[in-house]
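Structure at a glance
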Amino acid sequence: MRTAQNGPSPSATEQAIIRLQQIRKIYKVGVERIHALAGVDLEIGANEYVAIMGASGSGKSTMLNILGCLDRPTSGKYLLDGQLVSRMGSGALAQVRNDRIGFVFQSFELMARASALKNVELPLIYSNVGWWSRRKRAIHALERVGLGDRMSHRPNQLSGGQKQRVAVARALVTNPSILLADEPTGNLDSKTTVEILALFDQLHREGQTIIIVTHEEEVAAHTQRIVRMRDGQIESDLPVQEDKDQHSQERRIPTSDDVSDAPSGFDADNFDNERIPDNGRPATTTQAPEPEPRSPQSDEAGHEPTPTPARARWASRGASR
Amino acid sequence: MISILLWPLTLLRFGYQGIGLALGQIWTNKMRSFLTTLGIIIGVGSVTAVIAGLQGMRTKVLDSFESFGTNKMYFIHDWPDDGPKQHASWRVIRLRPDHFNDMLEHCPSIASLTRIREFGARMEHADKAMNVSVTGIEPDWHDIENRSVILGRTFTHTDNEGARQVCLITEQTRDQLRLDRDCTGQSILINDRRYYVVGVLEERPDSMFRDGSSEAQVFIPFRTAWKVSEGFMYAMAACESPEVADDARAEARFFLRHTRNLAPDEPDTFRIEIMKQYLDQFNAMAVGITFVAGGIVTISLLVGGIGIMNIMLVSVSERTREIGLRKAVGAKPSAILLQFLIEAVTLCLIGGLVGLLGGQAITELLASIEKAGLEEAYIPAWAMGMAFGFSATVGIVFGMFPAIKASRLDPIQALRHE
Ligand SMILES: Nc1ncnc2c1ncn2[C@@H]1O[C@H](COP(=O)(O)OP(=O)(O)OP(=O)(O)O)[C@@H](O)[C@H]1O
Ligand SMILES: [Mg+2]
């Protein structure tokens with residue numbers, strides 16, 4: 001609760017679990033250089049509950065992968081629990097992932113032929129845990145996510161929500177410092193989404209630090225702090241209440257009927273891109289987050305076209321309207 | 001420090017977990033795994049069968065040497081390949097009885113010696129007449145040759161020294177001449193000379209050497225034979241044991257060169273044959289066959305190995321997402337490498353095992369064919385060890401590349417893989 005209040009403020013520095021300093025991730029595609037992350041500074045303290053939001057392609061997954069030590073930044077520093085992990089080798093990173101990070105994926109990533117219990121045991125296979133305590137810890141993790149009665153079920157014998165719970169149990173079984181989830185409810189219907197969110201809430205109450213990447217405002221509303229990204233940079237980083245105030249202002253303008261027929265993902269993207277004004281500056285030169293209030297009628301012509309043609313189409317449709 | 005100590009333990013743990021995983025993987029892809037390991041199955045099966053066959057042959061050959069006498073040696077005249085005696089007349093080259101006088105005293109590695117004179121003759125008894133092969137032998141012959149006298153007595157030194165007109169007759173000859181069953185004391189005519197039968201020899205035991213046993217045989221003392229028919233002779237000896245055969249040969253050579261007055265630079269005018277050398281020749285041949293079989297197995301293992309590599313590559317790309325997941329939850333590249341390596345090795349070892357069972361089946365089939373004479377065929381322990389060793393090596397060598405490929409996969413890209 002405390003961390004939620006002072007979220008991005010410097011006073012959190014001392015207790016920060018995660019500290020990112022000028023993190024950049026540059027992909028080279030042919031001669032083109034894509035700045036997936038263009039200088040990100042971020043601190044996240046213990047037991048924070050954070051949502052990362054932003055348009056498609058804004059670098060959310062890239063950031064989460066770096067936070068999860070699945071990937072290394074091109075430049076910048078990443079301190080996890082005070083340890084510099086941004087320059088570690090792949091073996092050491094694997095160790096860090098094993099010890100301190102729990103990952104939940106949009107598509108569950110369960111091993112189809114293994115039981116729920118075996119799936120949850122997987123991370124412990126790669127740490128020095130004996131057979132018996134591995135089993136006990138896996139059982140405990142499954143009980144924590146409320147699947148104590150489904151341990152011997154295989155993924156194809158479980159519902160989507162149950163599968164994601166197994167995945168959460170797997171992420172929790174090593175007692176990680178942070179739990180990272182990349183669109184954990186992306187493949188779930190609204191009812192199961194609520195179920196999984198309740199689980200995250202519960203874990204947060206139990207003291208777990210959680211970072212969720214999501215497109216859905218309802219999901220983000222469960223968290224305490226919302227980091228909005230745009231073109232590889234942090235656009236805003238606010239406690240959930242303040243973020244809501246700003247966005248509710250912006251939300252009022254579009255009439256939902258003209259975008260309701262669009263696919264939901266694009267709808268959200270489009271919405272974000274159109275309503276959040278862009279200053280027309282190239283992504284790489286954009287500076288720190290700009291939490292200043294946005295005016296709803298920001299010029300759409302000056303707005304950088306988004307990379308995918310589909311989005312460009314939606315943007316132009318918005319412009320022609 | 002402790003981590004260094006724990007390392008083998010960790011390896012062991014990954015080892016058995018890896019084997020479990022690998023077996024599961026193989027079980028879910030039974031047919032594919034079987035087809036993949038076919039190369040190894042055939043390779044191991046055929047080579048173990050060949051080795052088993054050789055082993056059977058070897059046992060048989062050794063047995064016949066044993067019954068024939070592995071410590072036997074022969075001395076026969078021989079024209080040298082060069083030197084003045086290359087085209088010398090037979091009279092110069094031939095062996096004479098006196099060449100062997102006192103040989104036993106001078107050759108400590110030789111236990112017994114007999115001069116032998118063989119010639120053909122006409123043999124008569126009552127109204128029966130037939131051609132026989134007459135062999136003049138000395139009493140030591142009984143010690144060297146593995147043939148017992150079933151009736152009557154063996155030759156004595158007195159028989160030989162006195163050049164007595166006595167003979168030993170084989171069972172077959174006795175029957176052909178219609179002599180009594182116990183014909184000792186009866187007389188027969190050989191080239192019109194009268195000989196008294198002192199004993200009956202058993203037929204030569206069945207042997208792969210010297211057939212022609214269908215010919216009727218009669219034995220007389222050497223001196224007697226030399227007296228009635230001087231000519232080509234040779235000698236047969238037994239060394240103290242097969243181990244000193246080479247010593248015996250050297251001693252005999254030195255002795256014979258001396259008695260035959262050969263100058264130091266002159267080549268031998270005789271040759272010495274040791275039974276052991278035939279055994280060595282057989283062994284050399286067996287080694288040759290083993291190498292040929294080894295070549296075949298190398299090729300089939302190579303082909304099998306390429307199959308393994310192929311299927312492991314398929315497996316890696318099929319399981320890219322799984323690899324990505326394992327890495328994401330903290331599997332080090334080395335753990336992934338080990339997992340796939342163990343899988344390849346397990347696959348190969350199972351192939352080796354099936355191949356071995358196949359080889360055993362072929363071996364039993366070979367042993368059951370009566371004409372083949374391989375009843376003793378079996379797969380020796382070293383061949384089994386080798387079969388597994390080679391299989392494991394193939395697994396490691398050909399599994400390495402796919403395993404390295406898997407271990408180097410980028411977790412994010414692997415998780416994104418379709
Ligand atoms: N491996 C890669 N090679 C090249 N470019 C990449 C790679 N991965 C990501 N990118 C680029 O980096 C940018 C950020 O990608 P990222 O996946 O982080 O977006 P995201 O915010 O997660 O989008 P979404 O909401 O669609 O998941 C995108 O422009 C993307 O095209
Ligand atoms: Mg993403």
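Cut-off values and rules
- Residues numbered from 1 in each chain as written.
- Chains lettered and ligands numbered in written order.
- Predicted model: local features only at pLDDT ≥ 70, side-chain atom pairs only at ≥ 80, totals over all residues.
- Heavy atoms only, no water.
- Phe/Tyr/Trp six-rings, centres within 6.5 Å; stacked < 30°, edge-to-face > 60°.
- Helix = DSSP H or I, 4+ residues; strand = E, 2+ residues; numbered from the N terminus.
- Buried < 20%, exposed > 50% of the residue type's maximum accessible area, 1.4 Å probe, protein only.
- Pairing = 2+ DSSP bridges.
- Near = heavy atom within 4 Å.
- Polar contact = N/O pair within 3.5 Å; in protein donor to acceptor, adjacent residues only side chain to side chain.
- Areas by Shrake-Rupley, 256 points an atom, 1.4 Å probe, with all protein chains shown as cover.
- Contact = heavy atoms within 4.5 Å.
- Buried area = accessible area lost by both parts, 1.4 Å probe.
- Salt bridge = Lys/Arg side-chain N within 4 Å of Asp/Glu carboxyl O.
- Core = buried A, V, L, I, M, F, W, Y, C linked by side-chain atoms within 4.5 Å.
- Axes fitted to C-alpha atoms, helices over the stretch in contact; angles between N-to-C directions.
- Parallel < 35°, antiparallel > 145°, perpendicular 65-115°, else oblique.
- Left-handed = near helix turned anticlockwise from the far one by under 90°.

Considering the packing of aromatic side chains
Residue and element names in this part refer to chain B. Enumeration over the complete set of coordinates arrives at seven aromatic pairs over all chains. Ring geometry for Phe75 against Phe100: centres 5.9 Å apart, planes inclined by 55°, an arrangement best described as tilted. In this pair, Phe75 is assigned in strand β1 (residues 72-77) and Phe100 in the loop between α3 (90-93) and α4 (103-106), connecting sequence segments 25 residues apart. The same class applies to Phe75 and to Phe100, which are both buried. Their ring planes at 25° and their centres at 5.8 Å tell us that Phe222 and Trp226 sit as a pair that is stacked. With Phe222 and Trp226 both in helix α8 (residues 222-228) and four residues apart, the pair spans about one turn of that helix. The residues Phe222 and Trp226 share a single accessibility class, namely buried. Three or more aromatic residues joined by ring pairs make a cluster, and in this case those are Tyr74, Phe232 and Tyr234.

Some words on the pairing of strand β2 (residues 110-125) of chain B
All names here are of chain B. Bridging between β2 and strand β9 (residues 233-239) involves seven bridges; their strand directions are antiparallel. Within the sheet, the bridge partner assigned to Arg117 lies in β9 and is Met233. As paired strands, β2 and strand β3 (residues 128-137) are joined by nine bridges and run antiparallel to one another. Counted as the bridge partner of Gly120 is Ser133 from β3. From the end of β2 to the start of β3, which pair antiparallel, there are two residues, and Ala126 there has a positive phi angle of about 50°. Summarising the sheet, β2 and strand β6 (residues 187-190) pair through two bridges and their orientation is antiparallel. Its bridge partner being in β6, Met123 is matched across the sheet by Ile190.

A short note on the site of ligand 1
The local shell around ligand 1 holds 15 residues, among which A:Ser56, A:Gly57, A:Lys60, A:Ser61 and A:Thr62 are the closest. Backbone polar atom of A:Ser58 to an oxygen atom of ligand 1: 3.3 Å apart, as the coordinates give it. In the environment of ligand 1, an oxygen atom lies 3.1 Å from a nitrogen or oxygen atom belonging to the side chain of A:His215. Contact with the protein chains hides 72% of the accessible area of ligand 1, taken as 630 Å² for the molecule alone. Where the shell around ligand 1 is concerned, the elements lending two or more residues are β1 (16-29) and α2 (60-67) of chain A together with α14 (411-416) of chain B. When residues in the shell around ligand 1 are grouped by element, the largest group, three residues, is from α2(A).

Observations regarding the interface of chain B and chain A
Between chain B and chain A, the contact holds 23 residues from the first and 23 residues from the second. Both sides together, the interface formed by chain B and chain A hides about 2000 Å², and carbon and sulfur atoms give 56% of it. It is B:Leu325, B:Val329 and B:Ile412 that lose the most area in chain B upon contact with chain A, and together they represent 26% of the buried surface on that side. If you look at where chain B meets chain A, you find one salt bridge. Across the salt bridge formed by B:Arg321 and A:Glu109, the nearest N and O atoms sit 2.4 Å from each other.

Brief notes about the nonpolar core
In this structure, A:Ile18, A:Leu67, A:Tyr78 and A:Leu80 are the most contacted members of the largest nonpolar core, which totals 73 residues. For this core, the element with the highest residue contribution is helix α12 (residues 333-368) of chain B, accounting for eight residues. For A:Tyr78, the residues in contact, after removing those within four places along its chain, are A:Ile18, A:Arg19, A:Leu20, A:Ile23, A:Ile66, A:Leu67, A:Cys69, A:Gln83, A:Leu84, A:Val85, A:Ser86 and A:Ile178. Among the nonpolar cores identified, the runner-up in size contains 34 residues, and A:Tyr49, A:Val145, A:Ala171 and A:Ile210 belong to it.

Topic: the sheet that holds strand β8 (residues 209-213) of chain A
Residues and elements named next belong to chain A. Spatial ordering of the open sheet is given by β6-β7-β8-β3-β9-β10, a layout of six strands whose pairing is mixed. The sheet is open, and its two edges are formed by β6 (101-104) and β10 (233-239), each paired on a single side. Taking each pair of neighbouring strands and ignoring which way they run, the sheet shows an average axis angle of 20°. Two elements, strand β3 (residues 49-54) and strand β9 (residues 225-230), share five bridges in a ladder whose sense is parallel. When the bridges of β9 are listed, Ile52 appears paired with Val227. Helix α6 (residues 160-172) rests against β6 and β7 (178-182) of the sheet, and its axis sits at about 165° to β6.

Considering the packing of α6(A) against helix α7 (residues 190-205) of chain A
Residues and elements named next belong to chain A. Where α6 meets α7, the axes come as close as 9 Å, and the angle between the chain directions of the two elements is 20°. One element, α6, and the other, α7, form an angle in the roughly parallel class. As for how α6 packs across α7, the hand of that crossing is right-handed. Two secondary-structure elements touch here, α6 through Gly161, Gln164, Arg165, Val168 and Leu172 and α7 through Thr192, Glu195, Ile196, Leu199, Phe200 and Leu203.

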